[in-house]
Amino acid sequence: MTTAVAEQAAINFVGTPFGWLLLAMFVVGYYFIAAEEKYNIDKAKPALFTGTFMFVLIGLYYVSIGADLTPFEHEVDHLILEIAEIFFFLFVAMTYIEALIERGVFTALRAKLIAKGYSYRELFWITGALAFFISPVADNLTTALILSTVLLTIDNKTKEFLVPGAINVVVAANAGGAWSPFGDITTLMVWAAEKGAFTDFLYLFPAAFIGWLITAALLVRYVPDIDPNKDGDPEAAAKIEILKGGKVIIAFGALTIALAVAGKQVLHLPPMWGMLFGLAILQLYMYFLKTKHNVDVSIFQAMSKVENNTLLFFFGILAAVGALHFMGFLTYAAKLYEMFDPTVVNIGVGFLSAIVDNVPVMSAVLKANPAIDHAQWMLVTMTAGIGGSLISFGSAAGVGVMGKMHGIYTFASHIKLAWTVLVGYIVSVAVWYVQFIVLGIY
């Protein structure tokens, strides 16, 4: 059966008791995801349970009424392929990051910053800039976790430095991730869905950069303009170097990204294929380090430290949104683009992503597949990415930093300075409008 025929044959659950039951299950599941700190439960658990159980119930319903299972099988097969592309892409990226951590790359970075004797404000700008330019390669979550660790290493007590610094890192990481398919799961999803070529996302750089710059310029006024009181020996910190093989792994990481891009653009292979090929190269190099230089490294040790709960969260939430799409609920999301100006809707997506989290919001938009032009797809990519910075738990980067700076970077501390993020968000949208709509540069 063709895709079109399979979709036509699917049962529309909207308005039925069973449909409302599954919608309620999604809402309850998402509540526990959002309230993970309140119940001390990792968000991957309710996400995975909700996403998988919804499809189990749909399958049981089809069987119970004797309906043709072909549309159901088609949806599951398509969803598995869609999730696998994202899952393995992130798995390889996280493995590379863990390998770099093991080789002391980020430890050396922290040591160099401490040894330089920068003031609080200088460190604020340095960590923000690093977050903006590292996240397009390392992804926003990993970048935010690394640089929040840097902040705590510099000073783990001065909230006047740590809170604005944490907000700056989250905003910068999300903004940096918005203009690269490797920087944010939402941007990766849009690229994988072929709503834009790899180079198309680079045109979002001015809007993302200027928006972050404005927010940072407002935030820095709250940072004390003095030198931090650092413990330890700066001279000893300056002597900390990257371990053997670390610099080569950095080069292989860049090569892996190039392979993913070239594979997608030239060979029409999914990005995960180039990433897995890069993983194979990393495996061989680690074997070389161990056998030829007697360096105690293992690719499986790096893999064991990957944040599997993050991967399972993405699997679960994408499955849950896929279930809503299969039941017919997301057709109404597409109608919003017919009822209102697409620019207004896409700006609203940014605010919604701050409350709901940008991954399910972007997944819903892609599933709805509204008939909007290229400029609007770039806008919703940017707003979903940077909109998550408006609230502390609106993005994976924010949630990660809240966990790392427990009791320091909180929902309340973020909200007090959230107006600076809102100003940057408005500026980013304005820059997009001038560039894409007024000047037509993209």
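Quantities reported herein were computed from a predicted structural model and do not represent experimental measurements. (Residues numbered from 1 in each chain as written. Predicted model: local features only at pLDDT ≥ 70, side-chain atom pairs only at ≥ 80, totals over all residues. Heavy atoms only, no water.)

1. Looking at helix H20 (residues 358–368)
Most of H20 sits inside the fold, with 11 of its 11 residues counted as buried. When we look at burial in H20, the residues that qualify are Asn 358, Val 359, Pro 360, Val 361, Met 362, Ser 363, Ala 364, Val 365, Leu 366, Lys 367 and Ala 368. Looking one or two residues past H20, Asn 369 carries a phi angle of roughly 50°, positive in sign. (Buried < 20%, exposed > 50% of the residue type's maximum accessible area, 1.4 Å probe, protein only. Helix = DSSP H or I, 4+ residues; strand = E, 2+ residues; numbered from the N terminus.)

2. Observations concerning the pattern of salt bridges
Per the counting criterion, the structure on display carries three salt bridges. Glu 82 is the partner of Lys 367 in a salt bridge, and the nearest nitrogen-oxygen pair spans 3.1 Å. With Lys 367 in helix H20 and Glu 82 in helix H5 (residues 70–102), this residue pair connects regions lying 285 residues apart in the sequence. Residue class for Lys 367 comes out buried when judged on its relative accessible area of 13%. The exposure class assigned to Glu 82 is partly exposed, which follows from its relative accessible area of 25%. Note that Glu 194 is salt-bridged to Lys 264, the shortest N-O span being 3.3 Å. Residue Glu 194 is found in the loop between helix H10 (185–192) and helix H11 (198–202), and its partner Lys 264 is found in helix H14 (residues 246–265); the two are separated by 70 residues along the sequence. Glu 194 gets classed as exposed once you look at its relative accessible area, which sits at 61%. (Salt bridge = Lys/Arg side-chain N within 4 Å of Asp/Glu carboxyl O.)

3. Observations concerning the packing of aromatic side chains
Under the criterion given, the structure shown has 39 aromatic pairs. Geometrically, the ring pair formed by Phe 133 and Phe 205 is tilted, given 6.4 Å between the ring centres and 40° between the ring planes. Within this pair, whereas Phe 133 is found in helix H7 (residues 120–138), its partner Phe 205 is found in helix H12 (residues 205–219), the two being separated by 72 residues in sequence. The exposure class assigned to Phe 133 is partly exposed, which follows from its relative accessible area of 45%. Within the aromatic cluster, the residues linked to one another by ring pairs are Phe 124, Trp 125, Phe 132, Phe 133, Trp 179, Phe 205, Phe 209 and Trp 212. (Phe/Tyr/Trp six-rings, centres within 6.5 Å; stacked < 30°, edge-to-face > 60°.)

4. What about the packing of H14 against helix H15 (residues 271–292)?
Packing of H14 against H15 brings their axes to within 7 Å, and their N-to-C directions diverge by 155°. Considering the angle they form, H14 stands roughly antiparallel to H15. Judged by the twist between their axes, the crossing of H14 over H15 is right-handed. Residues Val 248, Ile 249, Phe 252, Leu 255, Thr 256, Leu 259, Ala 260 and Lys 264 of H14 lie in contact with H15, whose contacting residues are Pro 271, Gly 274, Met 275, Phe 277, Gly 278, Ile 281, Leu 282, Tyr 285 and Met 286. Residue composition of the contact of H14 with H15, grouped by class: 13 nonpolar, three polar and one charged. (Axes fitted to C-alpha atoms, helices over the stretch in contact; angles between N-to-C directions. Parallel < 35°, antiparallel > 145°, perpendicular 65-115°, else oblique. Left-handed = near helix turned anticlockwise from the far one by under 90°. Contact = heavy atoms within 4.5 Å. Nonpolar A, V, L, I, M, F, W, Y, C, P; charged D, E, K, R; others polar.)

5. Describing the confidence of the model for the protein chain
Low pLDDT marks regions whose predicted coordinates should not be analysed in detail. In the predicted model, the protein chain carries a mean pLDDT of 86, and the fraction of residues at 70 or more is 95%. Confidence scores differ between elements of the protein chain, with helix H1 (residues 3–9) showing the lowest mean pLDDT of 45 and H12 the highest of 97. Segment residues 1–8 is flagged for pLDDT under 50; beyond a separation of four residues in sequence, or across chains, it makes six contacts in the model. (pLDDT = per-residue confidence, 0-100.)

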